[in-house]
Amino acid sequence: MSKIYKRVLLKISGEALAGSAKQGIDLSVLDQLVEDILKAHQTGVQIGIVIGGGNIFRGVSAATQGMDRASSDYMGMLATCINSLALQDALEKRGLETRLQTAIEMSSIAEAYIRRRADRHLNKNRIVIFGAGTGSPYFTTDTAAALRATELGADILLKATNVEGVYDKDPQDNKDAKMYKQVSYSDVLNKKLKIMDYTAITLCMENNLPIIAFNLHKPGNIAEVIKSQSIGTLIS
Ligand code: UDP
């Protein structure tokens, strides 16, 4: 099978695991996701994955209700670890070799994040899941994805979304919203296009890391994004 990338970093939001309930983990949704990751892996590309925690806990929301922001963000980071363990389990059940590395040490359930070690796992075609975001409060898992992709030399950051790509306005509320085939980092920032937070976009821009935003909910789409450049929106 053809492939255009050697190494990709896939960013999946926590909500992608929740299904219609929008909370928690729906195992049938997880199984579909794993099928898609398996197909992507069969293209021969090296895959790192950052998964969010929004289906379980979001620090910012708890902070607006009076919780200390740093404490609630640490809870959010732990939520990403729960999702990471679920994803690891489901991937391994389908016969894929994986490693989970977390930015907050939890040595009895995961490896600590060590860049060189992650690099080695990826070179051996193991799928590496990065849990606990960046390990620091006030960041998001989008920023964690941009950071891991940059430091591990990924060719592209694949940002899985609920829609086909990046639009000039929210396509879920505006029927006339137009999708960009390609858009610059600065347009995303200046036009406040909602795709990833500014910190994440800026990190990608400063390091020339291209991003493709694509629809996660079309079966087989992760592999399609890897094989062809005609899917989603390219941000570069
Ligand atoms: N978080 C954090 N630092 C990070 C990454 C995540 O503090 O580097 C916390 C933050 O509270 C965030 C939560 O973890 O709300 C879950 O991550 P995120 O909202 O990015 O998940 P997603 O929206 O992708 O499901």
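The structure this text deals with has already been given above.
This structure is a prediction, so every number in the text was calculated from the model and none was measured. (Residues numbered from 1 in each chain as written. Predicted model: local features only at pLDDT ≥ 70, side-chain atom pairs only at ≥ 80, totals over all residues. Heavy atoms only, no water.)

(A) Layout of the pairing of strand E10 (residues 211-215). Along E10, five of the five residues are buried, which leaves the element largely enclosed by surrounding structure. Of the two faces of E10, the one carrying Ile211, Ala213 and Asn215 and the one carrying Ile212 and Phe214 are both buried. Sheet topology note: the strand E6 (residues 156-161)/E10 ladder contains five bridges and is parallel. The partner of Thr161 across the bridge, within E10, is Asn215. As judged from the three bridges shared by E10 and strand E11 (residues 233-235), these two strands associate in the antiparallel manner. Bridge pairing links Ala213 to Thr233 in E11. (Buried < 20%, exposed > 50% of the residue type's maximum accessible area, 1.4 Å probe, protein only. Helix = DSSP H or I, 4+ residues; strand = E, 2+ residues; numbered from the N terminus. Pairing = 2+ DSSP bridges.)

(B) Quick peek at the packing of aromatic side chains. A full pass over the atoms with the stated rule returns one aromatic pair. Their ring planes at 75 degrees and their centres at 5.7 Å tell us that Tyr113 and Phe130 sit as a pair that is edge-to-face. With a gap of 17 residues between them, Tyr113 in the loop between strand E4 (111-112) and helix H4 (115-123) and Phe130 in strand E5 (residues 127-131) connect regions that are remote in the sequence. Both residues of the pair, Tyr113 and Phe130, belong to the buried class. In this structure, Arg148 packs its charged tip against the face of Tyr113, placed 3.6 Å from the ring centre. (Phe/Tyr/Trp six-rings, centres within 6.5 Å; stacked < 30°, edge-to-face > 60°. Lys NZ or Arg CZ within 6 Å of the ring centre and 35° of its normal.)

(C) Just the packing of helix H5 (residues 141-151) against helix H7 (residues 198-206), in detail. In contact at an axis separation of 7 Å, H5 and H7 are set at 15 degrees when each is read in the N-to-C sense. One way to sum up the angle between H5 and H7 is to call them roughly parallel. Here H5 runs over H7; the crossing is left-handed. Across from Asp142, Thr143, Ala146, Leu147 and Thr150 in H5, the residues of H7 making contact are Thr199, Ala200, Leu203 and Cys204. (Axes fitted to C-alpha atoms, helices over the stretch in contact; angles between N-to-C directions. Parallel < 35°, antiparallel > 145°, perpendicular 65-115°, else oblique. Left-handed = near helix turned anticlockwise from the far one by under 90°. Contact = heavy atoms within 4.5 Å.)

(D) View of the side chain of Thr98. Here Thr98 shows up in strand E3 (residues 98-102). Its relative accessible area of 1% is what places Thr98 among the buried residues. Within the local environment of Thr98, its side chain forms a polar contact with the side chain of Gln88, the two groups lying 3.2 Å apart. Looking at Thr98, its side chain comes within polar contact range of the side chain of Glu92, at 2.7 Å. When near neighbours in sequence (up to four residues on either side) are disregarded, Thr98 contacts Gln88, Leu91, Glu92 and Ile127. (Polar contact = N/O pair within 3.5 Å; in protein donor to acceptor, adjacent residues only side chain to side chain.)

(E) The arrangement of unusual backbone geometry in detail. Phi is positive for Asn125, close to 65 degrees, though the residue is something other than glycine. Overall, the relative accessible area of 35% leaves Asn125 in the partly exposed class. Unusually for a residue other than glycine, Asn208 sits at a positive phi of about 50 degrees. Mapped onto the fold, Asn208 is located in the loop between H7 and E10.

(F) Layout of helix H1 (residues 27-41). Here H1 spans 20 Å end to end across 15 residues, near enough to the 21 Å set by a 1.5 Å rise per residue. When H1 is considered as a whole, its buried residues turn out to be Leu30, Leu33, Val34, Asp36, Ile37, Leu38, Ala40 and His41. Structurally, H1 contributes buried residues whose contacts are with strand E1 (7-12), strand E2 (46-51), helix H3 (69-93), E5 and helix H8 (221-227). (Expected span 1.5 Å × (residues − 1).)

(G) Layout of the sheet that holds strand E9 (residues 182-183). Spatial strand order, E4-E3-E5-E2-E1-E6-E10-E11-E9: nine strands in an open sheet with mixed pairing. With one partner strand each, in any of the chains shown, E4 and E9 form the two edges of the open sheet. In this sheet, E6 lies alongside E1 in parallel orientation, the contact comprising four bridges. Among the inter-strand pairings, Leu9 is bridged to a residue of E6, identified as Leu157. In this fold H5 packs onto E1, E2, E5 and E6, with an angle of close to 175 degrees to the strand it touches most, E1.

(H) Representation of the pairing of E2 in the model. Among the six residues that make up E2, six are buried, leaving the element largely enclosed by the rest of the structure. Across the two faces of E2 the burial is the same, with Gln46, Gly48 and Val50 and Ile47, Ile49 and Ile51 all buried. Taken together, the six bridges between E1 and E2 define a ladder with parallel strand orientation. Paired with Val8 across the two strands is Ile47, which belongs to E2. Once the chain exits E1 it traverses H1 before rejoining the sheet at E2, and the crossover so formed is right-handed. Note that E2 and E5 share three bridges and pair parallel. (Right-handed = clockwise from strand over helix to strand, strands pointing away.)

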